[in-house]
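Here is what each chain is made of, one letter per residue.
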Amino acid sequence: MRTRLVTVLLALITAILVIPGPAATADEQGGETLHGQIRNPDDRDQGVEGISIQVFDGEDEIGAADTDSDGNWEVGLPGPGTYRVVVDQESVPSTFAVRETSLVSDGEAEVEVPAGEQRVLIVALERPDGGEAEEPASPTDEGAESDGAAEEEDTVVPAARGSFGDRFVQLAAAGLLFGLVIAVSAIGLSLIFGTTKMINFAHGDMVTFGAMVALVFSSGAVGLGNSLLAIFAGLGGAVLIGVLLEQRLGRTALIVAQWSSIFAGIVLATVLGVLGDSVGWKVPLWIAAGIAVVMGAVLGASMERYIWRPLRKRNVALIQLFIVSIGLALILRHMVLVMFGAGRSRYSGFQIQELVRLGPISMPPRDLVVMAVAIVVLVAVACLLQFTRIGKAMRAVSDNRDLAESSGIDVDRVTLYVWGLGGGLAALGGVLYGLNQVVEYEMGFRLLLLMFAAVILGGLGTAYGAMVGGIAVGLVAMLSTLWFPSQLMQAWALALMILMLLIRPQGLLGRAERVG
């Protein structure tokens, strides 16, 4: 009975959250922008810094930007319309010249920007002596990929062309990709509910946290990045001390040891913050993703150890825990906003890639990598739950917490591991989602609604249900754009969740419970 009530409550809250309010302003939607990346023709992995880009509306200049160290530039626009983009030829290094393309002529281009669109403009360089450079993808070419053409919908839908069959296959592949990302992110949400019967509304912001951390360390960690790493090292040390020494130290000694680790992390973070840019380092994205997963696991374990476990010990009711989790979600979201800003960013080196064609399916290499990583992770989690001792303990606690405790299982430790696993998977899901879309402070909150739909569709409390539900939600969301506007893609996914509640309330893989 309790599981059904929680399911209905979750569906009600999800419906309330997804109901659109008044029309969002351009700032809330991300606004209309023009952006791009100017690469070195001799080394496509390197950008060219310091090139000035000016944007005009008629004869009036409305904005300008200089390319950063990765060659990226972005100019905010006052609204939709046709704009003239001018590349300052004097700012281009003397060893290069602006290449003439179908869009760019004599360093100028006319670009039409629809309402709510973040439009990509490709500006290519070449050697003045006519040296060959790779032909860039153009947003107007059929084989091009417009990474930044994210319209008012939160998820970019790939342009599918050709016959109905070709479009169906292309969108099915995109739906599988989207569903795998949702599944990786939603596993932790389902496992946490299974072991604690609590819905973690902060889970979406843990997804955002992972994406932002990977962005920081892959683009160069100075000041803020180093301080965050030090703080989480202190928190991780405190959690490990609790796990390893809880049975060996007295209560007072354990508290002193844990808080000493936390304060050491704070002191180190303060020192690194004072040193600022003098201590800087940068790692490839795959290493940054690993750091993000570890920090996400520490975040999840810390929340369980220092927030949720004390509240459970005080017999706080589930509805109060729901409210606390909503408060935590708001705190995390606004901390991310303050620390990282409200801008939209992309992982350097993965913005614009040549498409790989597999029959009617066209995908950039990064999306294929995302799919491969997600499949490997899902298989690894399934093996963990099915064949390892801790995995079997997690399933036992999820099935019946009281019976598992009476059987000798340390349910508090298992719950801590579940939160750590859930936090790490949420962070990894954020990195994969950021690779496929863009990184911004509300990305996890938008994905949270689809994660709710996935866990309800698959069955609350079962990791396998979250996997199946995530893939189903992703496929329905993408395939719905064959017949309906892409702005409704999330609505159809949530409609599938409501239909499942009416037909099979326990979900696809959930167990029916006796009521009364």
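Description of the structure in this document. This structure is a prediction, so every number in the text was calculated from the model and none was measured.

1. Some remarks on the pairing of strand β1 (residues 33-37)
Okay, so step 1: Within β1, five of the five residues are buried, leaving the element largely enclosed by the surrounding structure.
Okay, so step 2: Residues Thr33, His35 and Gln37 of β1 are buried on one face, and the alternating residues Leu34 and Gly36, pointing to the opposite face, are buried as well.
Okay, so step 3: One ladder, built from five bridges, connects β1 with strand β6 (residues 72-76); its direction is antiparallel. Looking at the pairing, leucine 34 lines up with valine 75 of β6.
Okay, so step 4: Relative to strand β10 (residues 118-120), β1 runs parallel, the two sharing three bridges.

2. Side note on unusual backbone geometry
Okay, so step 1: Non-glycine residue lysine 197 carries a positive phi angle of around 60°.
Okay, so step 2: Relative to the assigned elements, lysine 197 resides in the loop between α3 (164-196) and α4 (203-219).
Okay, so step 3: Overall, lysine 197 belongs to the partly exposed group, its relative accessible area being 22%.
Okay, so step 4: The phi dihedral of asparagine 315 falls on the positive side, at around 55°, and the residue is not glycine.
Okay, so step 5: Tracing the backbone through its elements, the reader meets asparagine 315 in the loop between α7 (285-313) and α8 (318-340).
Okay, so step 6: Residue asparagine 315 is classed as exposed on the basis of its relative accessible area of 68%.

3. Re the pattern of salt bridges
Pairs may arise between side chains of opposite charge once their charged atoms sit close together.
Okay, so step 1: In total, this model carries 10 salt bridges according to the counting rule given.
Okay, so step 2: Among the ionic pairs, glutamate 304 bridges to arginine 309, the shortest N-O distance being 3.7 Å. Here glutamate 304 matches arginine 309 in class, with each residue buried.
Okay, so step 3: Where arginine 312 meets glutamate 304, a salt bridge forms, and the shortest distance between an N and an O atom there is 2.7 Å.
Okay, so step 4: Where salt bridges share partners, they join Glu304, Arg309 and Arg312 into one cluster.

4. As for the environment of threonine 82
Okay, so step 1: For threonine 82, the location among the structural elements is in strand β7 (residues 81-87).
Okay, so step 2: Linking threonine 82 and glutamate 110, residues 28 residues apart in sequence, is a C-alpha distance of 6.8 Å.
Okay, so step 3: With near-sequence residues (within four places) excluded, threonine 82 lies in contact with Asp57, Glu110, Val111 and Glu112.

5. Some remarks on the environment of alanine 317
Okay, so step 1: Mapped onto the secondary structure, alanine 317 falls in the loop between α7 and α8.
Okay, so step 2: With 119 residues separating them along the chain, alanine 317 and methionine 198 place their C-alpha atoms 10.0 Å apart.

6. Focus on a nonpolar patch on the surface
Okay, so step 1: A surface patch of nonpolar side chains, about 650 Å² in accessible area, is lined by Phe164, Phe168, Val169, Trp483, Phe484, Leu488 and Trp492.
Okay, so step 2: The residue phenylalanine 168 is located in helix α3 in this model.

7. Re the sheet that holds strand β9 (residues 108-113)
Okay, so step 1: Pairing is antiparallel in the open sheet, where four strands are placed in the order β5-β4-β7-β9. Since the sheet does not close on itself, it has two edges, and those belong to β5 (60-66) and β9, each with one partner. Neighbour-to-neighbour, the strand axes of the sheet open up by a mean angle of 25°, direction not taken into account.
Okay, so step 2: Of the strand pairs in this sheet, strand β4 (residues 52-57) and β5 are connected by six bridges, and their pairing is antiparallel. Across the sheet, the residue bridging to valine 55 is glycine 63, located in β5.

8. Focus on the sheet that holds β1
Okay, so step 1: Spatially, β6-β1-β10 is the arrangement adopted by the three strands of the open sheet, whose pairing is mixed. One side of each edge strand has no neighbouring strand; the edge strands of this open sheet are β6 and β10. Taken pair by pair, the neighbouring strands of this sheet meet at an average axis angle of 20°, ignoring direction.

9. Thoughts on the packing of aromatic side chains
Okay, so step 1: One pass over the full model with this rule turns up six aromatic pairs.
Okay, so step 2: Each ring, one from phenylalanine 201 and one from phenylalanine 322, has its centre 6.4 Å from the other, and the planes form 80°; the classification is edge-to-face. One end of the pair, phenylalanine 201, is in the loop between α3 and α4; the other, phenylalanine 322, is in helix α8, and 121 residues separate them in sequence.
Okay, so step 3: One aromatic cluster in this structure is built from Phe201, Phe322 and Phe452.
Okay, so step 4: Against the face of phenylalanine 56 rests arginine 84, its NZ or CZ located 4.6 Å from the ring centre.
Okay, so step 5: Directly above the ring of phenylalanine 445 sits arginine 333, whose terminal nitrogen or CZ lies 4.4 Å from the centroid.

10. Details of the nonpolar core
Okay, so step 1: Phe178 and Tyr347 are the most contacted members of the largest nonpolar core, which has 102 residues in total.
Okay, so step 2: At 15 residues, the largest contribution of residues to this core is made by α3.
Okay, so step 3: Core analysis: the next-biggest nonpolar cluster, separate from the first, contains 23 residues, Leu34, Leu77, Val87 and Phe96 among them.

11. A word on the environment of glycine 50
Okay, so step 1: For glycine 50, the position within the fold is in the loop between β3 (43-47) and β4.
Okay, so step 2: Taking relative accessible area as the criterion, glycine 50 reaches 33% and is therefore assigned partly exposed.
Okay, so step 3: The contacts of glycine 50, once residues within four sequence positions are left out, are Thr67 and Ser91.

Reading the values: rules and limits
- Residues numbered from 1 in each chain as written.
- Predicted model: local features only at pLDDT ≥ 70, side-chain atom pairs only at ≥ 80, totals over all residues.
- Heavy atoms only, no water.
- Buried < 20%, exposed > 50% of the residue type's maximum accessible area, 1.4 Å probe, protein only.
- Helix = DSSP H or I, 4+ residues; strand = E, 2+ residues; numbered from the N terminus.
- Pairing = 2+ DSSP bridges.
- Salt bridge = Lys/Arg side-chain N within 4 Å of Asp/Glu carboxyl O.
- Contact = heavy atoms within 4.5 Å.
- Patch = residues over 30% accessible without salt bridge, like charges linked within 9 Å, V, L, I, M, F, W, Y side chains within 5 Å.
- Areas by Shrake-Rupley, 256 points an atom, 1.4 Å probe, with all protein chains shown as cover.
- Axes fitted to C-alpha atoms, helices over the stretch in contact; angles between N-to-C directions.
- Phe/Tyr/Trp six-rings, centres within 6.5 Å; stacked < 30°, edge-to-face > 60°.
- Lys NZ or Arg CZ within 6 Å of the ring centre and 35° of its normal.
- Core = buried A, V, L, I, M, F, W, Y, C linked by side-chain atoms within 4.5 Å.

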